[in-house]
Amino acid sequence: MNRLDRFILKSFIGPFAAILVVVTFILMMQFLWLYIDELVGKGLRFSVILEFLGWGGITTLPLSLPLASLLASMMTMGTLGENNELLAIKAAGVSLTRVLAPLIVASFFISVGTYFVNNNLVPLAYNEIYTLRDDIGRTKSEIKIPSGTFYDGIDGYVLRVEDQDDESKMMHGIMVYTHSAGKGNVSLTVSDSARMSLSADKSYLSFEMFNGVSYEETNTRRYRDTTLQLQRSKFSHQQLFIPLSNYAFQKSEGNRFSDEVNSMTNAQLLAQKDSLDAAQNRLLAAQYATFMRDPSLSHQYQLDTARHIVKNLNAENLLIFESLQAEMDAVKKASHKAGDMLSVLTTFSRDSFRDVYILRRTDVGILKKWATALACFIFFFIGAPIGAYIRKGGLGSSAIISVLFFGAYWVIDISGTKLAKDGAVSAVEGVFISSYVLMPVGMFLTWKAINDSPIINTEPIKRFFKKLWDNISGKMAKTRIVFMGTPEFAVPSLQALLDAGYKVAGVVTVADKPFGRGMKVGESAVKKFAVERGLPILQPESLKGEDFLKAYKAWKPDLAVVVAFRMLPQEVWEVPRLGTFNLHAALLPQYRGAAPINWAIINGEGITGVTMFKIDSGMDTGHIMMRENCRITPEDTAGTLHDKLMALGAQLVLQTVDGLLDGQIEMRLQKSYIQGAEVLKPAPKITKELCDVDWSMKAVRVCNLIRGLSPYPAAFTTLEAEGKPARSLKIFFARVRPFGLPDGGRPAPGTVFSDGKTVLSIACADGWADLVEVQLSGKSRMGIEEFLRGFHQPEQYKAVRLS
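Residue positions are given per chain, counting from 1 as you read along its sequence in written order. It should be noted that, the model being predicted, local features are given only for residues of pLDDT at least 70 and side-chain atom pairs only at 80 or more, the latter also being counted only at that level, while totals for whole chains, interfaces and linings use all residues. Heavy atoms throughout the structure, all of them, feed into the side-chain values; hydrogens and water do not.

S.K.: Could you clarify how one ought to interpret the nonpolar core in this entry?
M.R.: Side chains that are nonpolar tend, in soluble globular proteins, to be buried together. F483 and F787 are the most contacted members of the largest nonpolar core, which totals 75 residues. With nine residues, the single largest contributor to this core is helix α16 (residues 638-661). Among buried residues, the Ala, Val, Leu, Ile, Met, Phe, Trp, Tyr and Cys ones that are joined through side-chain atoms within 4.5 Å form a nonpolar core. Exposure classes here rest on a 1.4 Å probe applied to the protein chains alone. A residue is buried below 20% of its type maximum, exposed above 50%, and partly exposed in between. Counting 56 residues, the second-largest nonpolar core is a separate cluster that includes I8, Y35, M77 and L103. In DSSP terms, a helix is any run of H or I states spanning at least four residues, a strand is any run of E spanning at least two, and both are numbered starting from the N terminus.

Encoded structure:
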């Protein structure tokens, strides 16, 4: 061994040992977290917990050693590369193969050591862990008597302590019930105060009681004498001893679990495998003999190659029957015999299942020790090339990539092992499948590192994406898009087109109009956004006006995108070369009209969505280009669903434009989406009459109506009471609640119920509508609790419909 070998080995052994300790400690903490519930509250000595953790840490070595081998080899080569030491070694004429040689030898010895650890030390650890867990499980939890409750944690006794003084350890108001087996509660001791102490060996519990009374009864009745004898004794000071069992941890012999697969060495597993194979062969021979004697087989000995055929079957006349009835009888008889044989074979399978399952686990246990050792060796050929390539020895990108490889190994190994134990694959395939996957990867990475060639030649990929980007950029620059929209719902769609790089030639939106009490002129949300982005804007009073059409055509649009605008005349939608396309906030052909979001919730739909279609002369009847679903939750209102569809619609607009320019859009007639006798539901404008709640409807229908009109224009009702002015109440959210009246009756629709604090309900046809958010005329919107603090005696009112 020359100086270079010693230098490389020294660079490797240190990180390997450090990583092994750290990884084992982390896995040991995970082991502790897994079994923490079994340890706490048992009064275990620290030495017992430390022993438990020590053996638990050893059981993690089959996972820690491969990971340490991977990370140590990566860090060694990465550090050499990061410090330019690897470059200097290569410049001196030393190849990477020569650099790796001492590390390969070290990894080989680590793999051999891993096998012996798995075969000798880990089984011992599992045996000790199983024994400790069983002993700890039999140890009862510490006695902690709570105040004010009956405590039955001690066998044969029930105790109650009224109060406890933490400083003096004095208990007050003590009651001790003694339960005799088969006789029930035969003794009761009551005292004003007491001190409790536990013996050093936890064999008994002592109560030093002051100023109390003891009651004892025979609790025995005879045929002629049914009286009970009661003895009452007062005391000023008394000692009460309660015997305890299994409150002190007692460690048992450590060989009770030596027959578990995880607790056996390969020599023991091989011996067990031979015994199981012999037992399985005997069972199969017995099952074969039983099978051959079964009367369901007419010519069973023809299946036995050791015997001569008893009767030759005439194949020519085998399936020829005298009549249809004879054929039916033969088929029925054969079916019954086949069922009988299937039942016999099922019974055989159940009889042999236990031995077969243990045999599979034994095979897996034998091979697993070899597979883990092999994994340590393979991981070296993955970690070392990664470190040499990335040239970073710390916890950076090289460590992340290495851990990803280990994660893949871990998932594959667990899956393969489970499949092997279940019998889905052979033990060799299941145990070594991770090696089958990682070995080619290690060989490939090592070969690439030795030859100083890149792992992946990225130049062709870069050229492909550059060409694709150039093509897309060219189309974006050449395609002129006109966007038409008005409200906030349309803004994300316009923003998505601009952010994607498309050229928006202009924006068409409504003319500025006065609104509000002050009649101030307001701009649409789309106009405000277009002004911020410096886009040309048209705001026509009439879409058929000559000035507008002339200005619109001057933009020379290739396509137009319409989101939440008004119905376009043919003179407008036929101008763009590629067509005019509209985003509709429903899954067409359902809910054609002006208010699809509201009506989807009002009708109690569970699914809605957005649709891109090509505009024609009808109302939302054009060919569909793309659709996207959106789930409606029970808590959704028109407002929340509006926001969901607004974001979803922006994505769909961008996908549609991309697909249209790439020639990947297939237009379909709307009737092709209609399934069977599906009835199309319209989405007309929301009227004031609709907003006025009809309380004679079912509660679900009422609550859906409220959700579908929230927050705008909002459902409302009128509250009327004798001698009081009528009040208009907007309702933004309500939940259904069944009546549940004691007499089973139903209040009249519109009846108001309230507890004056948190509940305000209005009766519907079949249940209550519990109001959640409301707004009284002239007031602000508020929750029901806040509303009831200022609205007194609500039950005097009745909700009526004026429309």
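Here the narrative resumes, following the displayed structure.
S.K.: What's the story with empty space enclosed by the protein in this structure? I'm lost.
M.R.: A water-sized probe, rolled over the atoms, reveals where empty space remains. Cavity means a closed set of points on a 1 Å grid over the protein atoms alone, one where a 1.4 Å probe fits but cannot get out, pocket means an open set with protein on both sides within 12 Å along at least 5 of 7 lines, and lining means a residue has an atom within 4 Å of a point. Grid points are joined across faces, edges and corners, and a volume is the space filled by probe spheres set on the points. Scanning all chains against the criterion turns up one cavity of 30 Å³ or more. For the largest cavity, the calculated volume is near 40 Å³. If you go around the largest cavity, the residues you meet are L719, L729, V752, L760, I762, F787, F791, P794 and Y797. Polar here means any residue outside two lists: the nonpolar Ala, Val, Leu, Ile, Met, Phe, Trp, Tyr, Cys and Pro, and the charged Asp, Glu, Lys and Arg; Gly therefore counts as polar. Tallied by class, the residues present in the lining of the largest cavity amount to nine nonpolar, no polar and no charged.

S.K.: Help me understand the packing of helix α8 (residues 397-422) against helix α9 (residues 427-450) in this model?
M.R.: The packing of two helices is summarised by the inter-axis angle and the distance between the axes. Every axis corresponds to a line fitted to the C-alpha atoms, with the helix fit spanning only the stretch in contact, and the corresponding angles, defined between N-to-C directions, vary from 0 to 180 degrees. Where α8 meets α9, the closest approach of the two axes is 6 Å, and the angle between their N-to-C directions is 155 degrees. Between α8 and α9, the angle falls in the class roughly antiparallel. The crossing of α8 and α9 is right-handed. Side by side, α8 and α9 meet where F405, Y409, I412, D413, G416, T417 and A420 of the first sit next to A427, G430, V431, I433, S434, V437, L438, V441 and L445 of the second. Taken together, the residues of the contact of α8 with α9 break down into eleven nonpolar, four polar and one charged. Reported orientations rely on four angle classes, namely roughly parallel under 35 degrees, roughly antiparallel over 145, roughly perpendicular from 65 to 115, and oblique for the rest. Helix crossings get a hand from a simple test, with the near helix turned counterclockwise from the far one by less than a right angle marking a left-handed crossing and a clockwise turn marking a right-handed one. Any pair of residues with heavy atoms lying within 4.5 Å of one another is described as a contacting pair.

S.K.: When you look at the pairing of strand β22 (residues 768-776) in this model, what are you seeing that I'm missing?
M.R.: In terms of strand pairing, strand β19 (residues 724-737) meets β22 through eight bridges, oriented antiparallel. When the bridges of β22 are listed, L729 appears paired with L776. If DSSP finds at least two bridges between two strands, the strands pair. Summarising the sheet, strand β21 (residues 760-763) and β22 pair through three bridges and their orientation is antiparallel. Following the sheet pairing, I762 is matched in β22 by A769. Where β21 folds back on β22, the antiparallel hairpin that results is connected by four residues. Pairing geometry for β22 and strand β23 (residues 782-783), over two bridges, is antiparallel. Among the inter-strand pairings, E773 is bridged to a residue of β23, identified as G783. A loop of five residues connects β22 with β23, the two strands running antiparallel in sequence, and G778 in this loop sits at a positive phi of about 85 degrees.

S.K.: How should unusual backbone geometry be read in this particular structure?
M.R.: Of note, the bond from S710 into P711 is cis; its omega dihedral lies within 30 degrees of zero at 5 degrees. Structurally, P711 is set in the loop between α18 (699-708) and β18 (715-721). Of the consecutive residues Y712 and P713, the connecting peptide bond is found in the cis state with omega at 5 degrees. Relative to the elements of secondary structure, P713 occurs in the loop between α18 and β18. Of note, N211 is a non-glycine position whose phi angle comes to about 55 degrees, a positive value. Along the chain, N211 falls in strand β5 (residues 204-217).

S.K.: How do you make sense of the environment of L535 when you look at a structure like this?
M.R.: Residue position: L535 is located in the loop between α12 (525-533) and β11 (537-538). Classification of L535 by relative accessible area gives buried; the value is 15%. Measuring from C-alpha to C-alpha, the distance between L535 and G506 comes to 5.9 Å, with 29 residues separating the pair along the chain.

S.K.: Would you take a moment to explain the packing of aromatic side chains for this structure?
M.R.: Each aromatic ring pair is specified by the distance between its two centres and by the angle formed by the two planes. A pair of aromatic rings is counted whenever rings of Phe, Tyr or Trp (Trp by its six-membered ring) have centres within 6.5 Å, and the orientation is called stacked for planes under 30 degrees apart, edge-to-face for over 60 and tilted otherwise. Evaluated as defined, the whole model comprises 17 aromatic pairs. Geometrically, the ring pair formed by F379 and Y409 is edge-to-face, given 5.0 Å between the ring centres and 85 degrees between the ring planes. Taken together, the residues F379 in helix α7 (residues 324-390) and Y409 in helix α8 connect sequence positions 30 residues apart. Side by side, F379 and Y409 carry an identical accessibility label, which is buried. One aromatic cluster in this structure is built from F108, F109, F377, F380 and F381. Cation placement over rings: the criterion is NZ of Lys or CZ of Arg within 6 Å of the ring centroid and within 35° of the ring normal. The ring of F150 carries the charged tip of R160 above its face, separated from the ring centre by 5.0 Å. Here the basic side chain of R781 rests over the ring of F732, its NZ or CZ set 4.1 Å away from the ring centre.

S.K.: Is there a simple way to think about the environment of G750 in this case?
M.R.: For G750, the position within the fold is in the loop between β19 and β20 (752-754). What makes G750 buried here is its relative accessible area of 0%. Each C-alpha atom, one on G750 and one on L719, is 9.1 Å from the other, the two residues being 31 residues apart in sequence. For G750, the residues in contact, after removing those within four places along its chain, are W695, I762, A763, K798 and A799.

S.K.: Any chance you could explain a nonpolar patch on the surface here in plain terms?
M.R.: The residues that make up patches have over 30% relative accessible area and no salt bridge, and they are joined within 9 Å when like-charged or within 5 Å when they are Val, Leu, Ile, Met, Phe, Trp or Tyr. The method behind every accessible area is Shrake-Rupley, applied with a 1.4 Å probe, and residues are considered shielded solely by the protein chains displayed. Salt bridges are defined by distance alone: a side-chain nitrogen of Lys or Arg within 4 Å of a carboxyl oxygen of Asp or Glu. Together, V22, F25, I26 and M29 give the surface a local cluster of nonpolar side chains, amounting to about 360 Å² of exposed area. Among the secondary structure elements, I26 is positioned in helix α1 (residues 3-39).

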